[in-house]
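Observations on the three-dimensional arrangement
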Amino acid sequence: MKSQKDTPATEDAEATAVAILGWLAGEPELLSRFLALTGVAPAEVRNAVNDPAFLAGIVDFLMEHEPTLLAFSAATGAQPEAVVRAHAILSGPYGSNDF
């Protein structure tokens, strides 16, 4: 049986989260805020990106502030709907704020 981790939808959601992180890296003020909220040190990001809860947290951060979501979409060409889908997939049925 295929796990949720192995589905194309999950892979797309994770790719969206990584794209958000890449965009945040070019937005120092937002990245600092995200890291402060998560408690993740800049040196830990490379390892944290393998944590599904961290990926969910990245997407959740964008979902919490519509202007930031729209800025990401404008800068990257990603559709806001793709971020919403990634949020639904990575947060799971009950949400995931364990980052």
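For the structure, check the block above.
Residues numbered from 1 in each chain as written. Predicted model: local features only at pLDDT ≥ 70, side-chain atom pairs only at ≥ 80, totals over all residues. Heavy atoms only, no water.

**Looking at the nonpolar core**
Generally speaking, soluble globular proteins have nonpolar side chains that are buried together. One finds I20 and F54 to be the most contacted residues of the largest nonpolar core, which totals 24 residues. Only helix 1 (8-25), helix 2 (28-38), helix 3 (45-48), helix 4 (52-63), helix 5 (66-76) and helix 6 (80-91) provide two or more residues apiece to this core. Sorting elements by how many residues they give to this core places helix 4 first, with 7 residues. (Core = buried A, V, L, I, M, F, W, Y, C linked by side-chain atoms within 4.5 Å. Buried < 20%, exposed > 50% of the residue type's maximum accessible area, 1.4 Å probe, protein only. Helix = DSSP H or I, 4+ residues; strand = E, 2+ residues; numbered from the N terminus.)

**With respect to the packing of aromatic side chains**
Tallied over the entire structure, the rule returns 3 aromatic pairs. Arranged with centres 5.6 Å apart and planes meeting at 65°, the rings of F34 and F54 form a pair that is edge-to-face. Remark: F54 occurs in helix 4 and F34 occurs in helix 2; sequence separation between them is 20 residues. Of the residues examined, F34 reaches a relative accessible area of 0% and is grouped as buried. (Phe/Tyr/Trp six-rings, centres within 6.5 Å; stacked < 30°, edge-to-face > 60°.)

**Re helix 5**
Residues T68, L69, F72 and S73 constitute the buried set of helix 5. One face of helix 5 carries all of its buried residues, which in axial projection span an arc of 140°. Pointing more than 90 degrees away from the buried face of helix 5 are the exposed residues E66, P67, A74 and A75. Looking at the buried residues of helix 5, the elements they touch are helix 1, helix 2, helix 4 and helix 6. G77 occupies a position one or two residues after helix 5 and carries a positive phi of about 80°. (Arc of directions from axis to C-beta. Contact = heavy atoms within 4.5 Å.)

**Here we look at helix 4**
A rise of 1.5 Å per residue sets the reference length of helix 4, with its 12 residues, at 16 Å; its end C-alpha atoms lie 17 Å apart and thus fit the reference within 8%. Those residues of helix 4 not exposed but buried are A53, F54, L55, A56, G57, I58, V59, D60, F61 and L62. For helix 4, the capping residue at the N-terminal end is D51, with a side-chain oxygen 3.0 Å from the backbone nitrogen of A53. (Expected span 1.5 Å × (residues − 1). Polar contact = N/O pair within 3.5 Å; in protein donor to acceptor, adjacent residues only side chain to side chain.)

**Quick look at the environment of A17**
As for its placement among the helices and strands, A17 is situated in helix 1. Linking A17 and L90, residues 73 residues apart in sequence, is a C-alpha distance of 9.0 Å.

**Quick notes on the side chain of T68**
Looking at the secondary structure, you find T68 in helix 5. By relative accessible area, which is 7% here, T68 ends up buried. Those residues in contact with T68 that lie beyond four places of it in its chain are W23, L30 and L62.

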